[in-house]
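Report on the structure
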Amino acid sequence: AKSLGKNQYCVYNDGMGVKEVRRMEIEKDLQLALENEQFYIVYQPKWNVKSNSLYGFEALIRWKHPRLGIISPGEFIPVAEETGLIVPITRWVLENACNQCNAWHEKGLTQPVSVNLSTRLFQTSSLVEMIQDVLGIMKLDPSLLELEITESMVLFDINDVVQQLHRIRSLGVRISMDDFGTGYSSIGLLDRIPIDALKLDRLFTEDINTPKKHAIINAIVLMAEDLNLDVIAEGVENHDHIEQLTQLGCHVMQGYFYGKPMKVEEIKDWINNHNT
Ligand code: C2E
Ligand code: CA
Ligand code: CA
Ligand code: CA
């Protein structure tokens, strides 16, 4: 960053901190980012250790800001949620991910691509229509699309959310519960929310070598088996993680060990190196 000089520093001190200035800049530029094609998607593989094969890809958005450089979704998605821009941004991600999935499908890949859905979207009236629309326009087999939702949905009208999820699932789209085990009353939700998979939050994979973590993961895996849900472990970074998770009955893994989120060009090489 450029040196601000003493006077300017004082101005910042009086009014806004550096963080607030950055956040305002992000808010101001977010709309233009969509128009100026500053977003792109990286894809991270999920690997089935049992069958030694690809399980699917997760689409993760990136923003290449002309001045600020790469901004992570953790920083700008909350701003997009507040401003409502999350709707057109999600539509953009859905269109691109579906399009890419089609391209991979033509080359023989049969695995789904997942897209993250902000909880906020369930408060807009048109989520189901948007998904249906995109599937129609992109002519994607709906079973190749998976949507990742989070437990924070319980904060809203749960009956309404459940109804929307049923409608989405009846389109043939898969649904998975992201960051499972970190949010609000996760277990109670499983009774009501129609899903196909659970994503075990990265916090469980970190320091997996404690008896407590073992007990919790074990219980989640057993429960998921009975409920017919796949379990995907997030944040798998090393051999130890893989060994422990495998012992606990978790067979699908996502994390830096198997592949970082990659641009489409890099995915090509990754696929060649992994014989998929
Ligand atoms: P998430 O859905 O839980 O995605 C997983 C995050 O963990 C990603 O961060 C990924 O890059 C990172 N990660 C993957 N493997 C590892 C690992 O082995 N170790 C560690 N330490 N981290 C790993 P990312 O891409 O920065 O995304 C952050 C969050 O932003 C995502 O969390 C998701 O909630 C949100 N997000 C990303 N793309 C979108 C999008 O298109 N729409 C919406 N609504 N949210 C998105
Ligand atoms: Ca996710
Ligand atoms: Ca996650
Ligand atoms: Ca997360």
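What this report covers is the structure whose coordinates are included nearby. Everything quoted here is computed from the prediction, not taken from an experiment.

Description of the nonpolar core
In terms of nonpolar packing, the biggest core is built from 80 residues, with Phe57, Leu145 and Ile149 touching the most fellow members. Leave out the neighbours within four places in its chain, and Phe57 touches Tyr43, Gln44, Pro45, Lys46, Trp104, Leu109, Pro112, Val113, Ser114, Ile267, Trp270 and Ile271.

Observations concerning the site of ligand 1
In the region of ligand 1, 20 residues are neighbours, and Gln44, Arg62, Asp178, Glu237 and Tyr256 sit closest. One of the side-chain nitrogen or oxygen atoms of Glu58 is found 3.3 Å away from an oxygen atom of ligand 1. In the model, an oxygen atom of ligand 1 is placed 3.0 Å from a nitrogen or oxygen of the Asp178 side chain. In the complex, the protein chains occlude 81% of the 800 Å² of accessible area that ligand 1 would expose alone. Counting only elements with at least two residues in the shell around ligand 1, the list comes to strand S2 (53-65), helix H3 (73-83) and strand S6 (174-180). Looking at which element gives the most residues to the shell around ligand 1, the answer is S2, with four residues. Per-class residue counts for the shell around ligand 1 are eight nonpolar, five polar and seven charged.

Section: the pattern of salt bridges
Scanning the model with the defined rule gives 17 salt bridges in all. The shortest N-O distance in the salt bridge between Glu129 and Arg167 comes to 3.0 Å. Of this pair, Glu129 sits in helix H5 (residues 127-138) while Arg167 sits in helix H6 (residues 158-169); the two residues are 38 residues apart in sequence, bridging distant segments of the chain. Judged by relative accessible area, which is 36%, Glu129 ranks as partly exposed. Put simply, Lys46, Glu58, Glu146, Glu148, Arg174, Lys199 and Asp230 are held in one network by salt bridges that share partners.

So, the coordination of the calcium ion (ligand 3)
Within the first shell, the calcium ion (ligand 3) binds the protein through Asp178 (OD), Asp179 (OD), Glu234 (OE) and Glu234 (OE), at distances of 2.1 to 2.5 Å. Between the calcium ion (ligand 3) and the calcium ion (ligand 2) the interatomic distance amounts to 4.0 Å, and Asp178 serves as a bridging ligand to the pair. Separated by 56 residues along the polypeptide, Asp178 in strand S6 and Glu234 in the loop between strand S8 (230-233) and helix H10 (239-247) bring together distant segments of the chain. Residue Asp178 is classed as buried on the basis of its relative accessible area, which comes to 7%.

Some points on the pairing of S6
Of all the seven residues making up S6, five are buried; the element is thus mostly covered by neighbouring parts of the structure. The sheet contact formed by strand S5 (residues 145-149) and S6 spans four bridges and is parallel. By the bridge assignment for S6, Ile149 is matched with Met177. On the question of chirality, the crossover connecting S5 to the parallel S6 by way of H6 is right-handed. Note that S6 and strand S7 (residues 197-200) share three bridges and pair parallel. Paired with Met177 across the two strands is Leu198, which belongs to S7.

Some remarks on the coordination of the calcium ion (ligand 2)
Protein coordination at the calcium ion (ligand 2): the donors are Glu58 (OE), Asn116 (OD1), Glu148 (OE) and Asp178 (OD), at 2.2 to 2.3 Å from the metal. In primary sequence terms, the donor set of the calcium ion (ligand 2) follows E-x57-N-x31-E-x29-D. Residue Glu58 is classed as buried on the basis of its relative accessible area of 5%.

Notes on the layout of surface pockets
Left-over empty space is what a probe sized like a water molecule reveals as it rolls over the atoms. Quantified by volume, the largest pocket comes out at close to 1,100 Å³. Of all elements in the fold, only S2, H3, helix H4 (86-106), strand S4 (113-116) and S6 reach the threshold of two or more residues within the lining of the largest pocket. In terms of residue class, the lining of the largest pocket is made up of 14 nonpolar, 13 polar and 12 charged.

The rules we used
- Every chain is numbered on its own, with residues counted from 1 as its sequence reads.
- Going through the entries in the order they are written, you letter the chains from A and number the ligands from 1.
- At least 70 in pLDDT is required for a residue's local features to be given in this predicted model, at least 80 for side-chain atom pairs to be given and counted, and no such filter applies to totals for whole chains, interfaces and linings, which use all residues.
- Excluding hydrogens and water, the side-chain figures rest on all heavy atoms present in the structure.
- In this text, buried Ala, Val, Leu, Ile, Met, Phe, Trp, Tyr and Cys residues form a nonpolar core when linked through side-chain atoms within 4.5 Å.
- When accessible area is computed with a 1.4 Å probe and restricted to protein chains, residues below 20% of their type maximum are described as buried, those above 50% as exposed, and intermediate ones as partly exposed.
- Here a residue-residue contact requires only that any non-hydrogen atoms of the pair lie within 4.5 Å.
- Definition of nearness: a residue and a molecule or strand are near each other if at least one heavy atom of the residue lies within 4 Å of the molecule or strand.
- Residues adjacent in sequence count toward polar contacts only when both atoms are side-chain atoms; beyond that, a polar contact is any pair of N or O atoms within 3.5 Å, and within protein one must be able to donate a hydrogen and the other to accept it.
- Note on areas: Shrake-Rupley, 1.4 Å probe, and residue coverage restricted to the protein chains presented here.
- Secondary structure counts use DSSP, requiring at least four H or I residues in a row for a helix and at least two E residues in a row for a strand, with both numbered from the N terminus.
- Each residue is assigned to one class: nonpolar for Ala, Val, Leu, Ile, Met, Phe, Trp, Tyr, Cys and Pro, charged for Asp, Glu, Lys and Arg, and polar for all the others, Gly among them.
- The rule for a salt bridge is simple: a side-chain nitrogen of Lys or Arg has to be within 4 Å of a carboxyl oxygen of Asp or Glu.
- Metal donors: N, O and S atoms at distances within 2.8 Å, or within 3.2 Å for Na, K and Ca, with water omitted from the atom set so that some sites may seem incomplete.
- Strand pairing requires that DSSP identify at least two bridges connecting the strands.
- Crossover handedness is defined here as right-handed if the route from the first strand over the helix to the second strand goes clockwise, with the strands pointing away from the viewer.
- Cavities and pockets are defined on a 1 Å grid built over the protein atoms alone: a cavity is a set of grid points where a 1.4 Å probe fits but cannot escape, while a pocket is an open set with protein on both sides within 12 Å along at least five of seven lines, and lining residues are those with an atom within 4 Å of any such point.
- Grid points are joined across faces, edges and corners, and a volume is the space filled by probe spheres set on the points.

Distances and angles like these do not, on their own, reveal function.
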